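What the coordinates show
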Amino acid sequence: MNADSTCLGYDHLTRRTLMRGAGAAGLSWLTPLADLLAVEAEKSPSGKPAKSLILLWLGGAASQLDTFDPHPATKIGGGVKTIGTAIKGVQFAAGLEQTASVMGDVSVIRSMVSREGDHERAFYNIKTGYRPDPTLIHPSIGAVLCHELPETPVEIPTHVSILPNQWPARGGYLGAKFDAFQVYDPRGSIPDVRARVADERMEKRLESLEVVERAFAAGRAASLDTQKTLHRLSIERARRMMTSEQLKAFDVSLAPAAERNAYGDTPFGRGCLAALRLIQTGVRCVEVTLSGWDTHANNLEGQAAQVKILDAAYASLIRDLKRHGLLESTIVLCGGEFGRTPKINALEGRDHWPHAFSMLVAGGGFAGGRVMGATDPQGEKKEPEKPVYVEDLHATVLDLLGIDYLKEMMTPIGRPMALSKGDVVQELTS
Amino acid sequence: MSDLLPCPPRSAWLRNAAVLVGLVGGAAFGVLHWFEKPVTVTKDAPVAEQGDTGMVAKAVDAEFEEEWAANGEEPAPLADDLTLMRRLSLVLTGSIPSLQEIREFQAMTGTDRTRRWLSRLLADRRTSDYLAERLARAFVGTENGPFLIYRRRRLVEWLGDALLQNRPYDRIVRELIDSKGVWTTSPQVNFITVTNEPGKGPDEAKLAVRVSRAFLGVRIDCVECHDGKLGSPWKQADFHQLAAFFGQTDFALTGLRDDPKDRYKARYLGQTEEAVIPAQVPWKTELLPEKGGPRARLARWVTAPENRAFARATVNRLWALLFNRPLVSPVDDLPLAGPFPPGLERLADDFIAHGFDLHRLIGVITATRVFQMSSLSENPEAERRWAAFPVTRLRPEQMAGSVIQAASLTTLDAEAHVLLRIKRDLDVGNFVKRYGDTGEDDFEDGGGTIPQRLLLMNGNMVSENVRNNPLVNAGTRIAMLAPDDRTAVETAYLAIFTRRPTEAERGHFEGLLASSKGNGRQNVMSDLYWTLMNATEFSWNH
């Protein structure tokens, strides 16, 4: 367990985390050679397992019928127009032209099933793979990833939430240090990373801090700082982050104009570009949220507006990850917390529908060009063909990341809890 | 700064305005003489407690001493008075003491001045408000809940009033469980209405969870869906029969009431149909009154003096609030039949014998050697056995309250100008939002996170409270008003750390002040404030 480290930085590689990274869990001994292998495996850019994750949340719940699973010219179609995709015989809603063109590298699940129909509970479910529980908070999958995989040589947070909604990814029972670092529209620098005084004065402040820390440490165990308060470590890391060149990864204004334009001049487009730059820097998990899909009224126009924002950003991200050779080591998920009703309501809207919705999966060992499951074109049958439950998606992602998803963690309430209780969906990977 | 996060409301003008109002009134000049000598206290506070509090505390200590001896543990020496004062302020008011309070405390004479200080704090509105907020987290959580029928704030105010009057705790709890009416006129009904499900009424299961955890320190919610596993003695029926006491609770035009026609139904594991579940308590059934409405009977049973789980759970929770760490962890999971740690049974006995008097309980716990011990120990394991005062991380609202208090030389209490108090609340809220709330009740001691460190080093709140601002910021005012460097450094240390500097610290900062000129002096004070607020000693209770 990464117990004495934070979700940030490199220098606290513990033997146990290395062991996991090397896929050698179960060995109770570890030679320096095994140490070395663990680091090498981490450095290797090719082959399995995947090592990073991008989550694109279509918050408010995208309508599967107006995006990745349209049923045109049926009573549930709702006037949607469709286009062909790179997958033979598979159609998407019009407006997703760019996304359609990258589907050779992407698969679409049309049979996602959640058991939660409330936004907050469903977000909890899709981010953690568990249903809300009054007795404990489960970690989001990005936190699990940071906890289980070896730390990466970066000076900035390795779990990042861009444009978070009310429910950003959390560390849950793994601890607040695994919470996602939250940033908003990445159009400039991020908050609180610039010192308020000149360098020279900051140095003096830190020198004074040493004097004060010595006074507090006198007569106390050395482990108070190194094991418990982590004060020195957190100051060092904050300082390293404040002066790090890697902070530039957050600032998309530094990217070439052509690149920026491709993603679209929107906060979400910039968020996706920042996600690319962060993954390039070695960050483990980035979530980017595009809200505004909760179309209880005027569904057709509402969805189309969000589709326009999504299409350029998503397709550019997949293309660029591939171009930089990062797609094989980076999993990209894109979808909402649930779907929307086949039935169109009196306000021309669609309501909440957790019974069958769509999710795009790509990279990191996911196969491209496949379709999983199907929904009833008449909208009469609730259950989709080949259902993929939210927890199954979690198990599959963790498995691709080389994490033993069945491993039980001891939670603070003393109840052992598996990292995921789902089953791996082999059809999506092999 | 081109921060991407929405900036907190720039409410600095509020504070400036309030201070100007104060200046016009002449009150702000009063601080001058705090640099010279302790102030004279006009009226002495009454002694915190009469009679046998000390004896009970000694009996509690004896149990700990026995355990230390058995383990060959050398207990830490007693802490000094100022350290005790800091602890008491932090846990009772949610903030460190002000320089004004420190000077008043120093002017008090006698060996029992910390006891008298405690009784002053117990009569302070800040204390009842803060304890009410802490307890409310266990009672109703932190969320705002169903809007039209629930006002968390009203409940906290009601609880604050009850704590200020020192209403017996068993009565407070009975009023929460067995309340009627609308939230506006009977704020205690919010305990029930927070669980309301649209179209279904109050959620019996959630209420069973709250009652068993918050008041009895028992977690029987694990058996909501199946009988107990992993050695849990509880059966599914225990949970649902407890929930059934809320089966008749419903809303009408007149607010919350019990409808005798309603019945609680649930489906047990292995059954195909829902069944009507009778109301029954999971232990000591003989204590359940036969007459009365279901909630009234439950309330009597929960708070019966013979139902010791109630007293134990309350002792454990109060202990947790005072030490930032419970005697039994987690705070709401105590064994019914023991074994119990040192002190718990003795404190529960005293709490029951004195009619569930919370002020007395606080008085007894803080009179123990265990509470008054120093946190200084070379042995990292000592605090595990309470042989040294545990070093625990301040909660976010304690951090924010302390930064704001340290930047003001006068006490920000109910007497402070209303604009200052509004500004304080806004700032605390903004800070807690960014720093991360600890949730319902978290006594975990994780180290600080990097975003938290960045917020303290570079964030708005610390920056605004330490920068040069002769009108409002203590650092600047000390730089301008202190008669000499020695006094300036000492005053800042008292205002931020509630202690005097060591010789090494004094030498270091006096040196920096001596070599500064003009405005540089104010910068040194600003840097001193920043430094102390970013130190371990500031963000950890000790």
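Parameters at a glance
Residues numbered from 1 in each chain as written. Chains lettered and ligands numbered in written order. Predicted model: local features only at pLDDT ≥ 70, side-chain atom pairs only at ≥ 80, totals over all residues. Core = buried A, V, L, I, M, F, W, Y, C linked by C-beta atoms within 7 Å. Buried ≥ 20, exposed ≤ 12 C-beta atoms within 10 Å, placed from the backbone. Helix = DSSP H or I, 4+ residues; strand = E, 2+ residues; numbered from the N terminus. Contact = placed C-beta atoms within 7 Å. pLDDT = per-residue confidence, 0-100. Domains from an automatic or database assignment. Nonpolar A, V, L, I, M, F, W, Y, C, P; charged D, E, K, R; others polar. Axes fitted to C-alpha atoms, helices over the stretch in contact; angles between N-to-C directions. Parallel < 35°, antiparallel > 145°, perpendicular 65-115°, else oblique. Left-handed = near helix turned anticlockwise from the far one by under 90°. Pairing = 2+ DSSP bridges. Expected span 1.5 Å × (residues − 1). Arc of directions from axis to C-beta.

**Some points on the nonpolar core**
Formed by 258 residues in total, the largest nonpolar core has its most connected members in A:Ala275, A:Val286, B:Val302, B:Ala492, B:Ile496 and B:Met533. If you tally residues by element for this core, the top one is helix H13 (residues 308–323) of chain B, at ten residues. The contact partners of A:Val286, leaving out residues within four places of it in the chain, are A:Ile54, A:Val160, A:Ile162, A:Ala275, A:Leu278 and A:Ile279.

**Here we look at the environment of B:Pro202**
Counting through the fold element by element, B:Pro202 comes out in the loop between helix H9 (190–193) and helix H10 (204–215). Expressed as a C-alpha distance, the spacing of B:Pro202 and B:Asp258, which sit 56 residues apart in the sequence, is 11 Å.

**Quick notes on the confidence of the model for chain B**
All names here are of chain B. Summarising the model, chain B shows a mean pLDDT of 86, and 86% of its residues fall at 70 or more. Low pLDDT, under 50, characterises residues 1–10; the stretch is placed with 15 contacts to residues that sit more than four places away or in other chains. Among the scores for the predicted complex, ipTM is 0.88 and pTM is 0.78.

**Here's the deal with the domain arrangement of chain B**
Residues and elements named next belong to chain B. Segmentation of chain B into domains returns domain 1 (12–37 + 392–541), domain 2 (53–126 + 307–371 + 378–385) and domain 3 (145–303). Between domain 2 and domain 3, the residue contacts involve 17 residues of the former and 19 residues of the latter. Elements with a minimum of two residues in the side of domain 2 that touches domain 3: H13 and helix H15 (358–367). Of all the elements, H13 adds the most residues to the side of domain 2 that touches domain 3, at six residues. Residue classes in the side of domain 2 that touches domain 3 are distributed as seven nonpolar, five polar and five charged.

**Re the environment of B:Ala488**
Residue and element names in this part refer to chain B. For alanine 488, the position within the fold is in helix H22 (residues 485–497). Each C-alpha atom of the pair alanine 488 and glutamate 510 lies 8.6 Å from the other, and the pair is 22 residues apart in sequence. In contact with alanine 488, not counting residues within four places along its chain, are Ile478, Ala479, Ala482, Leu513 and Met525.

**What about the interface of chain B and chain A?**
Chain B puts 42 residues into the contact, and the matching count from chain A is 47 residues. When residues of the side of chain B that touches chain A are traced back to their parent elements, those giving at least two are helix H19 (450–458), helix H23 (503–514), helix H24 (519–533) and helix H25 (536–539) of chain B. Here the side of chain B that touches chain A takes seven residues from H19(B), the largest share from any one element. By residue class, the composition of the side of chain B that touches chain A is 18 nonpolar, 16 polar and eight charged.

**Observations concerning the packing of H22(B) against H23(B)**
Residues and elements named next belong to chain B. For the pair H22 and H23, the least separation of the axes is 9 Å and the interaxial angle reads 125 degrees. One finds that H22 runs oblique with respect to H23. In the packing of H22 onto H23, the handedness of the crossing is right-handed. Of the residues in H23, those touching H22 at Asp485, Arg486, Ala488 and Val489 are Arg506, Phe509, Glu510, Leu513 and Ala514. By residue class, the composition of the contact of H22 with H23 is five nonpolar, no polar and four charged.

**Thoughts on H15(B)**
Within H15(B), nine of the ten residues are buried, which leaves it mostly tucked inside the rest of the structure. The set of residues buried in H15(B) consists of B:Leu358, B:Arg360, B:Leu361, B:Ile362, B:Gly363, B:Val364, B:Ile365, B:Thr366 and B:Ala367.

**Quick word on the domain arrangement of chain A**
Residue and element names in this part refer to chain A. Annotation of chain A at the domain level lists domain 1 (15–25 + 47–188 + 251–428) and domain 2 (193–246). Across the boundary between the two partners, domain 1 contributes four residues, which contact four residues of domain 2. Residues belonging to the side of domain 1 that touches domain 2 are distributed by class as follows: two nonpolar, one polar and one charged.

**Digging into the pairing of strand E1 (residues 249–252) of chain B**
Two faces, one strand: in a regular strand the side chains alternate between the faces of the sheet. By the bridge criterion, four bridges tie E1(B) to strand E2 (residues 255–258) of chain B in an arrangement that is antiparallel. Directly across from B:Thr249, in E2(B), lies its bridge partner B:Asp258.

**Concerning H23(B)**
In this model, H23(B) (twelve residues) spans 16 Å end to end at C-alpha, consistent with the 16 Å of a helix rising 1.5 Å per residue. Within H23(B), the full set of buried residues consists of B:Glu505, B:His508, B:Phe509, B:Leu512 and B:Leu513. With its buried residues spanning 130 degrees around the axis, H23(B) presents them on a single face. Facing away from the buried side of H23(B), by more than 90 degrees, are the exposed residues B:Glu503, B:Gly511 and B:Ala514. Packed against the buried residues of H23(B) are helix H6 (199–217) of chain A together with H22 and H24 of chain B.

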